[in-house]
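One-letter residues, chain by chain:
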Amino acid sequence: MSPNQTFATLRALHALMGDALDDIHRIFSDSSTPHSSQCSSPAFPDSPEPVSVPATPLSSTFSTQTSSYGTPLSPLSNLQYDYPSPSLPYISSSPAEKLAACPAATAAATRIISAAGQITSIVQKPFLFMSDASMVYTVPACLRLIEHLHIVEILRDAEDERQRLLLELRIIAELHESANNSSALAHPLRLLSTHHILRETAPDTFALTRVASLLDSGKSVADVFANPEKKYEDTSGIAAFVGLWCLFKSAAYLTEAFTGVQLPLAPPGSAPTRSADAFNLAFNTPVPFFECGREPGKSFRLERFSQAMIGTSGWEAPGAILTAFDWLSLPQGSTIVDVGGGIGSTTMILARAFGGSPKRRGSFRFIVQDRPVVIGLGLDAWRAQCPEMLESGQVMFYDHDFFLPQPPLPSSDFNQHPAVYILRVVLHDWPDARARHVLLNLRLASSPETRLIIADHILPLACVDEGVRSAKHEHQKSDGGKWTLDSVLAHLEGAHGTLAPAPLLPNLGKASATPFSMDIVMHITFNGKERTLRELCALALSSGWRIARVTYSKGSHFGHLVCEP
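Residue numbers here run from 1 along each chain, matching the order of that chain's written sequence. Given that this is a predicted model, residues contribute local features only at a pLDDT of at least 70 and side-chain atom pairs are listed and counted only at 80 or more, while totals for whole chains, interfaces and linings are drawn from all residues. The basis for every side-chain value is the complete set of heavy atoms in the structure, and neither hydrogens nor water enter the calculation.

Draft legend 1. Broad picture of the nonpolar core. Buried residues of nine kinds, namely Ala, Val, Leu, Ile, Met, Phe, Trp, Tyr and Cys, make up a nonpolar core once their side-chain atoms join them within 4.5 Å. Under the scheme applied here, a residue whose accessible area is under 20% of the maximum for its type counts as buried, over 50% as exposed, and between as partly exposed, the area being computed with a 1.4 Å probe on protein chains only. Counting 39 residues, the largest nonpolar core has Leu143, Ile146 and Leu192 as its most contacted members. Elements supplying a minimum of two residues to this core: helix H6 (138-148), helix H7 (151-157), helix H10 (186-194), helix H12 (238-242), helix H13 (245-251), helix H16 (289-292), helix H17 (299-311) and helix H24 (513-526). Filtering out sequence-adjacent residues up to four positions away, leucine 143 remains in contact with Leu192, Ile197, Leu215 and Val242. Judged by nonpolar contacts, the second largest core, of 37 residues, contains Phe402, Trp483, Leu489 and Val550. Only runs of H or I of at least four residues qualify as helices and only runs of E of at least two qualify as strands under DSSP, and these elements are numbered from the N terminus. Residue contacts are defined here by distance: any two heavy atoms, one from each residue, within 4.5 Å place the two residues in contact.

So, in structure tokens, the structure goes:
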């Protein structure tokens, strides 16, 4: 390392943050032009025009180019809108939130987060940095507490600018038979305030923030206490995601799961069982996570999980599935199968864009496959929102286990094979052997023209991947005429070997933390995992598919991979 290299790195990171903040400032300065191209939201008309959709490399969704506007910044006093206040509730429809959420602003914010996290890792004492990292589990524990006790709803309903003294929260203590612990509640709330999730506005006095408001169910305090099982209905699902308490307990057993500890359920002298998942170890049960929701008295768990999955929609841009594939290239009347499609949320987006009259250009048929209990929930949702599509048969729900061979298409369908299979957030639930089984079943049921769309987080490496090239020419096989992992990666449209130039980490570090945390969540809960682009390409190749193209949601690691047989 050259002399003063660390100072040079710190200065470079500091400059990156300043340039990014300037870019955000300019976006807000230009907000007097209502429909600025860099901040407009894509509209998806009922009759979309045919478009050629270029691949979106991940590096472009996290652009790290410094400002090239060449224009001076407007004075702060001249700004029509301020950046969203951390002290006010998050309202996605507000002009400030719309500006902050536009692609150029989110890309700049990502640079700030990445650089700030890297600076912290350099300047903080190593012991303190490690201490913070080793005790970070206290934050989700406190989040679960305030979600379970409905603290957000209480603070929202409180008077005096959404504030309330903890001594006035005895309703919580009384309902939970712990009248002497109301003042102790200040401690977890203070930890969350230290992490900018709540605000302490006076001694033992707390208020909501822009972040904490995301946990608000919108229901009254009386309602959530009287009917906690209905708290997550008609919500964004974010509170339900935070309320998945089983994840916290399971995480404590990560080491035991990795080292092959077995459940003590087999009688002495019997054959040993397989190594247990962290979830099974934490709850001392051989029952898989999804099966637990079917046990008597535990259906609430499955309902909460379904609502939590709605909350994860924030990982991808609204309607991202519409630009993930050139849908109008499909023949009219093509069948699209949403495998493990849940209640059909993704299908509903597609059906609204490409459904309707069979004579309409781009009119397709849709099949949603999942477990019986989920299919029931899906039918209820569609009867409430799109009953005409069920009645016409344009959208159908089938009970199907994706570990079994794909059933034939309905006899009324003139196509022998589906045009497209969709696997959205399915593969990450399973280890490679089981995920390969799912992909093989789809491959065996496909024609050479069938395409598969895999939608999942794609983990970027923390180093530059020299094997990935963004090819602009036609895909060519390896010399032997057979696709290999190296040749697939080298010709994968939309792929990129790094997200950021030095001195930023190639995967943008702190700004990319969420999918890596989800990776561990998948492991402890299902023995599954989020996968890198290399891992996804290898998995697809081993089951007869080649990933040809990848697109990403703006500012996200959530990607759509188009696979060919």
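Draft legend 2. Spatial organisation of the pattern of salt bridges. We define a salt bridge as a side-chain nitrogen of Lys or Arg found within 4 Å of a carboxyl oxygen belonging to Asp or Glu. For the structure shown, the criterion picks out 17 salt bridges. Note that arginine 156 is salt-bridged to aspartate 157, the shortest N-O span being 2.6 Å. Residues joined by salt bridges that share partners form a network here, namely Asp23, Arg26 and Arg111.

Draft legend 3. Up close: the side chain of serine 334. Considering the arrangement of structural elements, one finds serine 334 in the loop between helix H18 (320-323) and strand E4 (335-339). Taking the relative accessible area as the measure of exposure, serine 334 reaches 3% and is therefore buried. There is a polar contact of 2.6 Å between the side chain of serine 334 and the backbone oxygen of proline 331. Any pair of nitrogen or oxygen atoms within 3.5 Å is treated as a polar contact; in protein, a donor-acceptor pairing is required on top of that, and neighbouring residues in sequence qualify only through side-chain atoms on both sides.

Draft legend 4. Geometry of the environment of proline 431. For proline 431, the position within the fold is in the loop between strand E7 (420-424) and helix H22 (432-444). A relative accessible area of 24% places proline 431 in the partly exposed class. Counting along the chain gives 95 residues from proline 431 to phenylalanine 526, while the straight-line C-alpha distance between them is 8.1 Å. Aside from chain neighbours lying at most four places away, what touches proline 431 is Phe526, Asn527, Gly528 and Arg531.

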